[in-house]
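Geometric and topological summary
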Amino acid sequence: MRHPVVMGNWKLNGSKAMVTELLNGLNAELEGVTGVDVAVAPPALYVDLAERVIKEGGSKIILGAQNTDLKNSGAFTGDMSPEMLKDFGATHIIIGHSERREYHNESDEFVAKKFAFIKENGLTPVLCIGESDAQNEAGETLAVCARQLDAVIKTQGVEALNGAIVAYEPIWAIGTGKAATAEQAQDIHAAIRAHIAQSSEEVAKNLVIQYGGSVKDSNAAELFGMPDIDGALVGGAALDAKGFAAIAKAAAKAKA
C-alpha cells in the first residue's frame, strides 16, 4: 500500500528567522496529523538549523535536501556529500529538478548517477521528471518522462526504484500558477506507472509518484483524489506553514 508523501522544496529561500518561524508553525499545524509523510528540503546552509527546530518541536517532519554531489570526501571544493547530509538527519534528497537540469546542465545520465549514489548511501532519492511547455505542446510528455526514468532503469535496473520517490513536475506549471488539471495530472501519472510496469508491475504498483507544479491548498484535494497521485512536491506554497499544512492534511484525508 503506497503512503502519500508531501514535500516542501524551499528552493533558494530562507534565513535563520524564517526557518525557525516556518518549522515552528508546521510543528504546531501538523500536530496529530497522521496518514501522510511530511518532508521539507531547505537550502543546504539551513539543514542543521532545520534539524534542531524539528527535534525541539517533537514533530515527525522528515528532513530533506535539495541536491547532493557525487563524492563523500576529497578535493572537491564547494561540493556537498550524501554522507554530510545524513550526518544532519537529512534522508530525502531531491535530484533531477528542472532548475538543476537547466541552470546547471545536469543530464539524464548525470542525474541517474546521483540517484545511484544516494541509494548507495542509504538515502531516499526524490527523482524529478517532467516536460517543458514546448514539449507538452508537441505531445512529447510521455516520451520525455520515459527517457528520464529510463536513465535510471537501464543503468541500475527497475528494482532501483524500490523505496525511491518520483515527482512528476511539468516545467510549464512550476511557479507559474498554471497547474495541470487533476485529470491531466492523473493521466500522466498513470502513464508513468504503466511505463515502469513494463519492467516490473510490482515496482510500479508500490512506487510513490508525487505531482509538482503550482500545488496549493485550493487544488490539493482534487489532485490527491486521483488514484495514481501519491502526494506532492510543493514549491512556493511550502513557504507558508498554514497553507503547506493544509496540503498535507488534504493528502491524509484523500488517501485515508
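Quick note: structure is the one above.
Residues numbered from 1 in each chain as written. Predicted model: local features only at pLDDT ≥ 70, side-chain atom pairs only at ≥ 80, totals over all residues. Heavy atoms only, no water.

A word on the packing of aromatic side chains
- Throughout the structure, instances matching the rule amount to one aromatic pair.
- With a centroid separation of 6.2 Å and 50° between ring planes, the pair formed by Tyr168 and Tyr211 is classed as tilted. One end of the pair, Tyr168, is in strand β6 (residues 165-168); the other, Tyr211, is in strand β7 (residues 208-211), and 43 residues separate them in sequence. Comparing Tyr168 with Tyr211 shows no difference in burial state: the two are buried. (Phe/Tyr/Trp six-rings, centres within 6.5 Å; stacked < 30°, edge-to-face > 60°. Helix = DSSP H or I, 4+ residues; strand = E, 2+ residues; numbered from the N terminus. Buried < 20%, exposed > 50% of the residue type's maximum accessible area, 1.4 Å probe, protein only.)

Quick look at empty space enclosed by the protein
- Counted by the stated rule, this structure contains one cavity of 30 Å³ or more.
- Volume-wise, the largest cavity comes out at about 40 Å³.
- Lining the largest cavity, in full, are Gly96, His97, Ser98, Arg101, Cys128, Ile129, Gly130, Gln148, Glu169 and Ile171.
- Contributions of two or more residues to the lining of the largest cavity are made by α4 (98-103) and β5 (124-129).
- Grouping the amino acids of the lining of the largest cavity by side-chain chemistry returns three nonpolar, five polar and two charged. (1 Å grid on protein atoms, 1.4 Å probe; cavity = no way out; pocket = protein on both sides within 12 Å on 5 of 7 lines; lining within 4 Å. Points joined across faces, edges and corners; volume = space filled by probe spheres on them. Nonpolar A, V, L, I, M, F, W, Y, C, P; charged D, E, K, R; others polar.)

A few points about the layout of surface pockets
- Estimated volume of the largest pocket: approximately 410 Å³.
- Lining the largest pocket are 16 residues, and of these Lys11, Leu12, Gln66, Asn67 and Arg100 lie nearest its centre.
- Considering each element in turn, the lining of the largest pocket owes the most residues, three residues, to α4.
- Here the residues of the lining of the largest pocket sort into eight nonpolar, five polar and three charged.
- Looking at the second largest pocket, its volume works out to about 320 Å³.
- Residue lining of the second largest pocket: 15 residues in total, with Leu30, Val33, Ser59, Lys60 and Ile61 positioned closest to the centre.
- Here the residues of the lining of the second largest pocket sort into five nonpolar, seven polar and three charged.

What about the environment of Glu99?
- Here Glu99 is to be found in helix α4.
- With relative accessibility at 27%, the residue Glu99 sits in the partly exposed group.
- In this structure the C-alpha to C-alpha distance between Glu99 and Ile171, which are 72 residues apart in sequence, comes to 9.0 Å.

A look at the packing of helix α7 (residues 141-156) against helix α8 (residues 182-197)
- Interaxial distance between α7 and α8 falls to 10 Å at its minimum, and their mutual angle equals 45°. One element, α7, and the other, α8, form an angle in the oblique class. Helix-helix and strand crossings are classified by hand; for α7 and α8 the assignment is right-handed. The segment α7 lies against α8, with Thr141, Leu142, Cys145, Ala146, Leu149 and Asp150 engaging Ile188, Ala191, Ile192, His195 and Ile196.
- Split by residue class, the contact of α7 with α8 holds eight nonpolar, two polar and one charged. (Axes fitted to C-alpha atoms, helices over the stretch in contact; angles between N-to-C directions. Parallel < 35°, antiparallel > 145°, perpendicular 65-115°, else oblique. Left-handed = near helix turned anticlockwise from the far one by under 90°. Contact = heavy atoms within 4.5 Å.)

Observations concerning the pattern of salt bridges
- What the rule picks out here adds up to 13 salt bridges.
- Close ionic contact of Lys11 with Glu99 constitutes a salt bridge, the shortest N to O distance being 2.8 Å. Of this pair, Lys11 sits in the loop between β1 (5-9) and α1 (16-29) while Glu99 sits in helix α4; the two residues are 88 residues apart in sequence, bridging distant segments of the chain.
- A salt bridge links Lys242 to Glu29, with the nearest nitrogen and oxygen atoms 3.9 Å apart. With a gap of 213 residues between them, Lys242 in helix α11 (residues 241-254) and Glu29 in helix α1 connect regions that are remote in the sequence.
- In the salt-bridge network here, residues are joined through shared partners; they are Arg2, Arg193, Asp228 and Asp230. (Salt bridge = Lys/Arg side-chain N within 4 Å of Asp/Glu carboxyl O.)

Section: helix α5 (residues 108-120)
- In a regular helix each residue adds 1.5 Å, so 13 residues correspond to 18 Å; α5 covers 18 Å between its end C-alpha atoms and thus fits that length.
- Among all positions of α5, only Asp108, Val111, Ala112, Lys114, Phe115, Phe117 and Ile118 are buried.
- Turning to α5, the residues buried within the fold contact α3 (82-87), β4 (92-95), α4, β5 and α7.
- One or two residues past the end of α5 sits Gly122, with phi positive at roughly 75°. (Expected span 1.5 Å × (residues − 1).)

Thoughts on the side chain of His195
- Here His195 shows up in helix α8.
- Within the structure, the side chain of His195 is placed 2.8 Å from the side chain of Asp150, a separation counted as a polar contact.
- When neighbours within four sequence positions are excluded, His195 is seen to be in contact with Ala146, Leu149 and Asp150. (Polar contact = N/O pair within 3.5 Å; in protein donor to acceptor, adjacent residues only side chain to side chain.)

Notes on the pairing of strand β2 (residues 37-41)
- With four of its five residues buried, β2 lies for the most part within the structure.
- Relative to β2, β1 runs parallel, the two being bridged by five bridges. Within the sheet, the bridge partner assigned to Met7 lies in β2 and is Ala39.
- Since β1 and β2 lie parallel, the crossover through α1 that links them has a hand, and here it is right-handed.
- Alignment of β2 against strand β3 (residues 62-65), held across two bridges, turns out to be parallel. Each residue of the ladder has a partner; that of Val40, found in β3, is Leu63.
- The handedness of the β2 to β3 crossover, carried by helix α2 (residues 47-57), is right-handed. (Pairing = 2+ DSSP bridges. Right-handed = clockwise from strand over helix to strand, strands pointing away.)

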